[in-house]
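# Close look at the chain arrangement
Listed below, chain by chain, are the residues.
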Amino acid sequence: MRCEVPLANGGVAFVDDVDYDAVSQYVWRATTHKNTTYAQRSWSERNKTRNQYLHHFIMPIIHRKEVDHRNRNGLDCSRENLRYATRSQNMANQKTHNERVGYKGVWPTRSNTFSSMITLNYRQYSVGTFPTAVGAALAYDREARRIFGEYARPNFIERPMLCSICGGTGWSVRLKPPKASVCCSDCHGRGVVSWRGI
C-alpha cells in the first residue's frame, strides 16, 4: 500500500507503507532537476550541506548503477516503481526529444530527410536515414526496444498490426486528426497505409 509523504514546500511524494515510518522522520522538500521533480532532504555535516533524494533513501546508490523511476514520476518512490539501471538504461527511459521534429532520436538533415540516432554508453550510433520523421522515429523505437528492452521509452506505443501494403507487422502510429491511419514500421513510414488488426 502506498502512503503520502508531505513535502515542506507543497505537494506530496509516495512511498510504500513499509518505508513510511523511516521516511517520515525527516523533512522532505520538492526539488526539480532536469525537468523532473524529486523529493530531497538536506542536513548539515561538518559545516557542509548534505543532500539526499528520497529514491536514494529507499534504494541506496550502488557502484555504477542509478535508480530509475519506471513511470518517470520522480515523486513516486514506491519500491514497485524503482529499479536499478545503468546510465544508458536510465537515459533511455527519459522523454527527451528533438523539439524541431517532435520525436526522440530523430534529427532533420540538410537533404530534407531525417536521421535516426541512438545513444549507448555516452556514444551516438546511427540507426539510418529516412524520408519521413515518422519513419525515423519508428526505426529508433525498434532499435531502442532491441537494446534497452523494458527500459526503452519509444515514440509510439506497440500495437500488433498487419500492413495491407507490405504485409509486415509493426507499431501503430496515429496521425493528426481527422486522419486515423497509421504508418508501417517495416516500410519505415514511407507513406500512410491502411492497417487491419492481427
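This report concerns the structure included in the present document. Keep in mind that what you see is a predicted model, and the values were worked out from it rather than measured.

Tallied over the entire structure, the rule returns 4 aromatic pairs. Seen from their ring centres, Trp28 and Phe57 are 5.7 Å apart, and the 75° between their planes marks the pair as edge-to-face. Pair noted here: Trp28 is in the loop between α1 (17-23) and β3 (29-33) and Phe57 is in helix α2 (residues 54-58), with a separation of 29 residues, a long-range link. On the basis of relative accessibility, which here comes to 1%, the residue Trp28 falls in the buried class. Phe57 sits in the partly exposed class, given a relative accessible area of 23%. Geometrically, the ring pair formed by Tyr38 and Tyr53 is tilted, given 5.1 Å between the ring centres and 50° between the ring planes. Within this pair, whereas Tyr38 is found in strand β4 (residues 36-45), its partner Tyr53 is found in strand β5 (residues 48-53), the two being separated by 15 residues in sequence. Of the residues examined, Tyr38 reaches a relative accessible area of 16% and is grouped as buried. Taken together, Tyr26, Trp28 and Phe57 form an aromatic cluster joined through their ring pairs. Note that Arg2 overlies the ring of Phe14, its terminal NZ or CZ placed 4.2 Å from the centroid. The positively charged end of Arg41 is found above the aromatic ring belonging to Tyr26, 4.2 Å away from the centroid.

Quick look at the side chain of Gln40 now. Turning to its location among the elements, Gln40 is positioned in strand β4. Every residue in contact with Gln40, bar those within four places of it in the chain, is listed here: Val27, Trp28, Arg29, Thr31, Asn51, Gln52 and Tyr53.

Each value, and the rule that gives it
Residues numbered from 1 in each chain as written. Predicted model: local features only at pLDDT ≥ 70, side-chain atom pairs only at ≥ 80, totals over all residues. Heavy atoms only, no water. Phe/Tyr/Trp six-rings, centres within 6.5 Å; stacked < 30°, edge-to-face > 60°. Helix = DSSP H or I, 4+ residues; strand = E, 2+ residues; numbered from the N terminus. Buried < 20%, exposed > 50% of the residue type's maximum accessible area, 1.4 Å probe, protein only. Lys NZ or Arg CZ within 6 Å of the ring centre and 35° of its normal. Contact = heavy atoms within 4.5 Å.

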